[in-house]
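Summary of structural features
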Amino acid sequence: MQRTLGTCYYPEHWPQDVWAEDARRMVEMGLTWVRIGEFAWSRIEPEPGHFDWAWLDHAIGVLGAAGLKVVLGTPTATPPRWMLTRHPDMLAVDIEGRTRKFGSRRHYCFSHLGYRDECARIVTALAERYGKHPAIGAWQTDNEYGCHDTTISYSDAARNGFRAWLRQCFTDDGNDGDIGALNRAWGNVFWSMEYGDFDDIDLPNLTVTEPNPAHSLAFRRYTSDQVVAFNRLQTEVIRAHSNAPILHNYMGRITDFDHWKVGDDLDIASWDSYPLGFLEDRVGADPQRQRDFAGQGDPDFQAFHHDLYRGVGRGRWWIMEQQPGPVNWAPYNPSPLPGMVRLWTWEAFAHGAEAVCYFRWRQAPFAQEQMHAGLLRPDSIEAPAADEARQVRDELAEAPEVTRAQAPVAIIFDYDADAAWSIQPHGAGLSYFGLVFEYYRALRRAGLSIDFLPPTTRDFAGYKLVLAPGLIHMSEELKQSLATTSAQVLLGPRSGARDPHMAIPVPLPPAFPGLDVTVQRVQSLRPDMPVGLSTAGHVVRYLEELSGSAEPVLTTSTGDPVAMQHGRVTYMAGWGDDICLDDLIDRTAKNAGLETIALPDGLRVRDTGQERFWFNYNSYPVDFDQGRIDAAGIMRQTLAQEMP
Ligand code: GAL
């Protein structure tokens, strides 16, 4: 498959007479794709019902004539000001009950049906006009669902929608909304929280103390379904008029809607990768690590999302926005170390990306993102990333195919589990994403390549090791599939710890077929009170007490089981530190017959079908048994045989 480059462009920000020259320079730089349009609603429809297509026709014409392929974004993340006059109640409401205002972007509530109709209208107009245009190579729906904390809204529209959604959930044959069933499922007898009618149910904010976790989880599921419906509305309209593939640009560490379900309606998953912004803003690294990797980004955070979104895209995925220089939004915004833009780009290709697009073409001298670098400076002189993009262009021209292969290791990733953990973390700083990311890092430190799978997976053929950490809801079907796969399976902590309505199931968790392990008691730990292990490392933050006849494979220094194994299945009861997880992964990988590599810090490896890519995230060269890799350097090796 051909690997391509691209950029994000805003023709409406620049005089029309520079468009052709911009397009020429994009092509010269080796770019194939140009994404436009995703924030341009006020220029496409300056007044309700009055469209100005001339400029967009011209922009698409100029870009297409230069040989570029256009990704056309639907502009629904930025409704124009007049929209609020038409729908004053379409704004989202935060958890404190405050209405969010106009003056930036993403100022809408997913539940607002009037706004959805407006979205259907503008997307229909765009799709009718450009659906068959030869320059349109792909569509993007909206922009970054969830960005700026916009998935969850406590508006009246959300409350009304939630009530109807709940009624539907508790409707079965001949029974139109069984409120008694809801009361029983949620345990509303507790604190006299029983409802007499679905219309009595409010949203789970502004309660005196915490709301019922079952109530909160139901609301999170409802909210996620609204994102799915909002997206589906657009894909259905586009598909009626165009055969071009449809994608959405997801984000890093945004987990508050089910990306697997949104992905079901798309052809390609893409995500927006800002390695330096993320390191400062959301990786959660300690200050020393932030300093060590300030100009490079976390060595695993991008790869994690590449692998996750390759899964969400069922194999097809892009980087829709790649950081090209300092950004504007993190607490600190350093410049990338020379070579990192090239490294980030190649790392994406090694993980199977079809395209990497740089955000943005030219730095804007005005408005919110004036401190955000582009490939060009505001005066149109090239910024440093332009040369690195060119270098990738030349390397792509020479490079043999980057072929794909199923990884030997899979992690099951469940957005619903993330919601449940965030509602009931049981200890400060505990999160599902954080747990899965720790396992992912340990696998990467061992030199393993990883796939992500949805919790609906039933066939694990080809995998030697399957991990399902923190999967708080596990259907019986999933348990059975894992129990009968030939892969080694690593569960826990909190696997199967709640039923679908957030109640503790009996028999007690994990209730995994063929594994005699029971979680008897659960404690969370102060961060300064780790529990030492007799094996290696410590358990931190969270520890369950286990009983059962399975064999203890990790134990505390006082002899209590921390991980227990029977046959191919291991249950891990605690949150291991790096040393503990390295030990656990090493043992489990050995059981799976997988070869591990002890990688020097900051060096990472990714296997494709025929090659092994080495990436040096360090700011210094690394010498190791395969040779030397420069700071921000890449090494490619042909594999002797196809990887499994
Ligand atoms: C992304 C967003 C872009 C731009 C960029 C800045 O989150 O999709 O529109 O704001 O961040 O880094």
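All values derive from a computational prediction rather than experimental measurement.

The next subject is unusual backbone geometry. The omega torsion of the bond from glycine 492 to proline 493 falls at -10 degrees, within 30 degrees of zero and hence cis. Considering the arrangement of structural elements, one finds proline 493 in the loop between β12 (488–491) and β13 (518–524). Backbone torsion omega between valine 506 and proline 507 reads 0 degrees, so that peptide bond is classified as cis. Position of proline 507 among the secondary structure elements: in the loop between β12 and β13. Even without a glycine there, the phi angle at alanine 367 is positive, about 65 degrees. One can find alanine 367 in the loop between β8 (355–358) and α14 (385–398). Of note in this structure, serine 380 is not a glycine but carries a positive phi near 75 degrees.

By nearness alone, every residue bordering the ligand is listed as Phe39, Arg105, Asn143, Glu144, Asp272, Tyr274, Glu321, Trp329, Phe359, Glu369 and His372. In this structure, an oxygen atom belonging to the ligand sits 2.9 Å away from a side-chain N or O atom of asparagine 143. With respect to the ligand, the side chain of glutamate 144 contributes an N or O atom lying 2.4 Å from an oxygen atom. Against a free-state accessible area of 310 Å², the protein chains account for coverage of 96% of the ligand. Looking at side-chain class alone, the shell around the ligand contains four nonpolar, two polar and five charged residues.

As a further point, take the packing of aromatic side chains. Two aromatic rings, taken as a pair, are described by how far apart their centres are and by the angle between their planes. This structure, assessed with the given rule, holds 50 aromatic pairs. With 6.2 Å between their ring centres and 40 degrees between their planes, tryptophan 14 and phenylalanine 366 make a pair best called tilted. Here tryptophan 14 is found in the loop between β1 (4–8) and α1 (19–28), whereas its partner phenylalanine 366 is found in the loop between β8 and α14, with 352 residues between them in sequence. You can call tryptophan 14 buried: its relative accessible area is 11%.

Core analysis: the largest hydrophobic core is formed by 193 residues, its most contacted members being Trp139, Phe162, Leu166, Phe413 and Leu482. Looking at this core, the element that brings in the most residues is helix α8 (residues 213–241), giving 10 residues. Once you skip the residues sitting within four places of it in the chain, phenylalanine 413 turns out to touch Thr255, Trp260, Phe304, Leu308, Tyr432, Phe433, Val436, Phe452, Leu453, Pro454 and Pro455.

What follows covers the domain arrangement of the chain. Splitting the chain by domain gives domain 1 (4–151 + 227–398), domain 2 (156–216), domain 3 (409–591) and domain 4 (603–642). On a C-alpha basis, the centres of domain 3 and domain 4 stand 30 Å from each other. On the side of domain 4, four residues touch domain 3, which itself brings five residues to the contact. Across the domain 3/domain 4 interface, buried area totals approximately 500 Å², and carbon plus sulfur atoms make up 37% of it. Among the residues of domain 3 in contact with domain 4, Arg444, Gly447 and Ser449 are the three that bury the most area, contributing 76% of the side total.

Basis of the calculations
- Residues numbered from 1 in each chain as written.
- Predicted model: local features only at pLDDT ≥ 70, side-chain atom pairs only at ≥ 80, totals over all residues.
- Heavy atoms only, no water.
- Helix = DSSP H or I, 4+ residues; strand = E, 2+ residues; numbered from the N terminus.
- Near = heavy atom within 4 Å.
- Polar contact = N/O pair within 3.5 Å; in protein donor to acceptor, adjacent residues only side chain to side chain.
- Areas by Shrake-Rupley, 256 points an atom, 1.4 Å probe, with all protein chains shown as cover.
- Nonpolar A, V, L, I, M, F, W, Y, C, P; charged D, E, K, R; others polar.
- Phe/Tyr/Trp six-rings, centres within 6.5 Å; stacked < 30°, edge-to-face > 60°.
- Buried < 20%, exposed > 50% of the residue type's maximum accessible area, 1.4 Å probe, protein only.
- Core = buried A, V, L, I, M, F, W, Y, C linked by side-chain atoms within 4.5 Å.
- Contact = heavy atoms within 4.5 Å.
- Domains from an automatic or database assignment.
- Buried area = accessible area lost by both parts, 1.4 Å probe.

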